[in-house]
Amino acid sequence: GNFSTGVGHTALFANTTGSNTAFGALALKTVTTGGNSVAVGREALEAFTGDESTAVGYKAGEALTTGGLVAVGFQAGKSATTAIGNVLMGELSGTAITTGNNNTAVGSQALSTITTSTDNTAIGHDALRYQTTGSENTAVGSEALDALTVGNGNVAVGVQALSTDTVGSRSTAVGATALKVQQATGSTANNYYNVGVGYGAGLDLTTGYYNTLLGSF
């Protein structure tokens, strides 16, 4: 291809006309005519054939074929196949995403379990770590919403905010450990509509609904 750079065993092996940059064994190995992609690290974007993706790190974006992705970190976005609009930065961030779109993960193991979920934002170590199918959640802070699996529409800002709930939906916690022990019942997503604002706000609340708690403890 024109204006391409490939360094490493079979890096840019199939490239014919696209303009790409690849450093590392098997990096961007499959791309032929796709352009404007950057892969740095062994097997980064190895299966990619599309345009305008960036992957930095061992196996970052390894399985992506035609979507759009920014993945930085060891195995970040490793399993994404046709997903689009994801930004994943940190070791194992978004590593299980397959076709989920428009997710943002910044931090080690942030959003590391989701597969097909969409429109989630996780910033901080282990933020939304165990989410699998929930969508439209926002977690900012180390271990914020880290236990959530299938809940939707939650907002947690602060270290360990809403960090116990697994299936609750549509609660808002702002402040370190706010609503930390809330635990929705059942195995499917349940709407709880709790709001806790302040350090440790609602720290004793477990299964209540429609509560608004302002101030520390």
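The model shown is predicted, which means the values in this text are computed figures rather than measured ones.

1. A short note on the overall build of the chain
- Of the regular secondary structure elements, the chain holds zero helices and 15 strands.
- If you line up the chain on its principal axes, its C-alpha atoms span 60 × 25 × 20 Å.
- Counting only residues that meet the buried cut, the chain has 47% of its 217 residues in that class.
- Long-range pairs, those at least 24 residues apart, make up 3% of the contacts in the chain between residues at least 6 apart in sequence.
- Carbon and sulfur atoms make up 57% of the accessible area of the chain, which amounts to about 8600 Å² in all.

2. Points about the pattern of salt bridges
- Evaluation of the coordinates by the stated rule reveals four salt bridges.
- When the shortest N-O distance is used, the salt bridge between Glu43 and Arg42 registers 2.9 Å.
- Glu43 sits in the buried class, given a relative accessible area of 8%.
- Overall, the relative accessible area of 48% leaves Arg42 in the partly exposed class.
- As a salt-bridge pair, Arg129 and Asp126 come within 3.6 Å of each other at their nearest N and O atoms.
- A relative accessible area of 21% means that Arg129 is categorised as partly exposed.
- Sharing partners across several salt bridges, the network here consists of Arg42, Glu43, Lys59 and Glu62.

3. Looking at the nonpolar core
- Leu28, Leu45, Leu128 and Leu145 are the most contacted members of the largest nonpolar core, which has 39 residues in total.
- Aside from chain neighbours lying at most four places away, what touches Leu128 is Leu111, Ser112, Asn120, Thr121, Ala122, Asn137, Ala139, Ala144, Leu145, Asp146 and Leu148.

4. Some points on the environment of Asn120
- Here Asn120 lies in the loop between β7 (104-106) and β8 (121-123).
- Remark: the alpha-carbon pair of Asn120 and Asn86, spanning 34 residues in sequence, is separated by 9.6 Å.
- Sequence-distant contacts of Asn120, that is, excluding residues within four places in its chain, are made with Asn102, Asn103, Thr104, Leu111, Ile114, Leu128, Gln131, Gly134, Ser135, Glu136 and Asn137.
- At 3.2 Å, the side chain of Asn120 and the backbone oxygen of Thr118 are in polar contact.

5. Describing the packing of aromatic side chains
- Taken as a whole, this structure holds three aromatic pairs when the rule is applied.
- Where Tyr58 meets Phe74, the ring centres are 5.7 Å apart and the plane angle is 20°; that geometry is what we call stacked. Taken together, the positions of Tyr58 in the loop between β4 (54-56) and β5 (69-72) and Phe74 in the loop between β5 and β6 (86-89) put the pair 16 residues apart, joining distant regions of the chain.
- Accessibility expressed as a relative area gives 30% for Tyr58, which makes it partly exposed.
- Between Tyr192 and Tyr209, the aromatic rings sit 4.2 Å apart at their centres with planes inclined by 35°, giving tilted as the arrangement. Of this pair, Tyr192 sits in the loop between β13 (190-191) and β14 (195-197) while Tyr209 sits in the loop between β14 and β15 (212-214), and the two are 17 residues apart along the sequence.

Calculation criteria
- Residues numbered from 1 in each chain as written.
- Predicted model: local features only at pLDDT ≥ 70, side-chain atom pairs only at ≥ 80, totals over all residues.
- Heavy atoms only, no water.
- Helix = DSSP H or I, 4+ residues; strand = E, 2+ residues; numbered from the N terminus.
- Buried < 20%, exposed > 50% of the residue type's maximum accessible area, 1.4 Å probe, protein only.
- Contact = heavy atoms within 4.5 Å.
- Areas by Shrake-Rupley, 256 points an atom, 1.4 Å probe, with all protein chains shown as cover.
- Salt bridge = Lys/Arg side-chain N within 4 Å of Asp/Glu carboxyl O.
- Core = buried A, V, L, I, M, F, W, Y, C linked by side-chain atoms within 4.5 Å.
- Polar contact = N/O pair within 3.5 Å; in protein donor to acceptor, adjacent residues only side chain to side chain.
- Phe/Tyr/Trp six-rings, centres within 6.5 Å; stacked < 30°, edge-to-face > 60°.

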